[in-house]
Amino acid sequence: MPGVTYFKPAGIPLRSLEEVRLSVEEAEALRLKELEGLEQEQGAEKMNISRQTFQRVLASARQKVADALLNGKAIRIEGGNFEISPRRFHCANGHVWETPFEAIAEAAPQLCPVCNAPAVEPLMPVGFGCGGKGRGWRRRRPAVGNSKASI
Ligand SMILES: [Zn+2]
């Protein structure tokens, strides 16, 4: 989830302030492409969507950001249609487990649920290349398009 969800130009009175809404997956596509410098194929893979969908989401995001920047509009990042992948850990004894994104944010260091050994390191998110459907905690929002991104 993005740390900042509202962006407002200085010096525009609230009543004449227009707002564009950027969905969470649009913000994520923008982040992967422009900040992490990924190619569209890589970005699409990270979000578990097709390259065509990634391209469409990215184009929409760029258009909205340009509109806000050049026309002095606020940007609100919210909604969309996505789920946050659980993170996968493993211990020194070879046990592998998944922890929902939500639990990691609050939790102490991860311990193996089988042998209590500390987690060695987080593995790649489940959504990366091996499909994250039907597992763990998920968060759904009303669909805007018909793409479902996995972040
Ligand atoms: Zn273990």
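Structure first, text after, so check above.
Just so it is clear, the model here is predicted, and its values are computed rather than measured. (Residues numbered from 1 in each chain as written. Predicted model: local features only at pLDDT ≥ 70, side-chain atom pairs only at ≥ 80, totals over all residues. Heavy atoms only, no water.)

A.B. asks: Just checking my understanding: could you explain the packing of aromatic side chains for this structure?
C.D. replies: Aromatic ring pairs are described here by two measures, namely the spacing of the ring centres and the angle between the planes. Applying the stated rule across the entire model yields one aromatic pair. The interplanar angle of 25 degrees and the centroid separation of 6.2 Å between the aromatic rings of F89 and W97 together place this pair among those described as stacked. Note on F89: relative accessible area 7%, which makes it buried. (Phe/Tyr/Trp six-rings, centres within 6.5 Å; stacked < 30°, edge-to-face > 60°. Buried < 20%, exposed > 50% of the residue type's maximum accessible area, 1.4 Å probe, protein only.)

A.B. asks: Even after reading the chapter, I still don't get the packing of helix α2 (residues 40-47) against helix α3 (residues 51-71), so can you show me in this structure?
C.D. replies: A pair of packed helices is characterised by two quantities: the angle between their axes and the separation of those axes. It is the contact of α2 with α3, at a shortest axis distance of 8 Å, that shows an interaxial angle of 100 degrees. Taken as axis vectors, α2 and α3 run roughly perpendicular relative to one another. Counted together, Q40, E41, G43, A44 and M47 of α2 and R51, F54, Q55 and L58 of α3 form the full contact between these two elements. A breakdown of the residues in the contact of α2 with α3 according to their chemical character gives four nonpolar, three polar and two charged. (Axes fitted to C-alpha atoms, helices over the stretch in contact; angles between N-to-C directions. Helix = DSSP H or I, 4+ residues; strand = E, 2+ residues; numbered from the N terminus. Parallel < 35°, antiparallel > 145°, perpendicular 65-115°, else oblique. Contact = heavy atoms within 4.5 Å. Nonpolar A, V, L, I, M, F, W, Y, C, P; charged D, E, K, R; others polar.)

A.B. asks: Please clarify how the coordination of the zinc ion should be interpreted in this entry.
C.D. replies: The textbook angles at a metal center are 109.5 degrees for a tetrahedron of four donors and 90 or 180 degrees for an octahedron of six. Bound to the zinc ion are the protein donor atoms C91 (SG), H95 (ND1), C112 (SG) and C115 (SG), situated 2.0 to 2.3 Å from the metal. Geometry at the zinc ion is tetrahedral, judged from the four donor atoms that bind it and their angles of 106 to 115 degrees at the metal. Taken in sequence order, the residues that donate to the zinc ion follow the motif C-x3-H-x16-C-x2-C. Of this pair, C91 sits in strand β5 (residues 87-91) while C115 sits in the loop between α4 (101-106) and β7 (119-122); the two residues are 24 residues apart in sequence, bridging distant segments of the chain. Using a relative accessible area of 31% as the deciding quantity, one classes C115 as partly exposed. (Donors = N, O, S within 2.8 Å, 3.2 Å for Na, K, Ca; no water. Tetrahedral: all angles 85-135°; square planar, octahedral: opposite > 155°, others 65-115°.)

A.B. asks: Could you clarify how one ought to interpret the pairing of strand β6 (residues 96-99) in this entry?
C.D. replies: Looking along a regular strand, one sees side chains alternate from face to face of the sheet. In β6, alternate side chains face the same way, and those of W97 and T99 are buried while those of V96 and E98 on the opposite face are not. The pairing of β5 with β6 spans four bridges and is classified as antiparallel. Across the sheet, H90 pairs through a bridge with V96, a residue of β6. Linking β5 to β6, which pair antiparallel, is a turn of four residues; within it G94 sits at a positive phi near 90 degrees. (Pairing = 2+ DSSP bridges.)

A.B. asks: I keep staring at the nonpolar core and nothing clicks. Help me out?
C.D. replies: Burial of nonpolar side chains together is a common tendency in soluble globular proteins. Ranked by internal contacts, the top residues of the largest apolar core, which has 20 residues, are L22, A29, M47, F54, I75 and I77. Elements with a contribution of two residues or more to this core: β2 (19-22), α1 (24-35), α2, α3 and β3 (74-77). Counting five residues, the second-largest nonpolar core is a separate cluster that includes F89, C91, C112 and A117. (Core = buried A, V, L, I, M, F, W, Y, C linked by side-chain atoms within 4.5 Å.)

A.B. asks: Before we go on, may I ask you to explain the side chain of S23 in this structure?
C.D. replies: Along the polypeptide, S23 turns up in the loop between β2 and α1. Overall, S23 belongs to the buried group, its relative accessible area being 10%.

A.B. asks: Would you mind going over α2 with me for this structure?
C.D. replies: For α2, the full list of buried residues reads Q40, G43, A44 and M47. Angularly, the buried residues of α2 cover 100 degrees about the axis, an arc narrow enough to put them on a single face. N48 sits one or two positions beyond α2 and adopts a positive phi of about 65 degrees. (Arc of directions from axis to C-beta.)

A.B. asks: It is not clear to me how the pattern of salt bridges should be interpreted in this structure. Could you clarify?
C.D. replies: Once their charged atoms are close, side chains differing in charge can pair, the charge on each being opposite to the other. One pass over the full model with this rule turns up eleven salt bridges. Where E19 meets R76, a salt bridge forms, and the shortest distance between an N and an O atom there is 2.8 Å. With E19 in strand β2 and R76 in strand β3, the pair connects residues that are 57 residues apart, well separated along the chain. Look at R76 and you get partly exposed, because its relative accessible area is 26%. Among the salt bridges present, the one from R31 reaches E28, with a minimum N-O distance of 2.9 Å. Of the two residues, R31 and E28 both sit in helix α1, three residues apart, roughly one turn of that helix. (Salt bridge = Lys/Arg side-chain N within 4 Å of Asp/Glu carboxyl O.)

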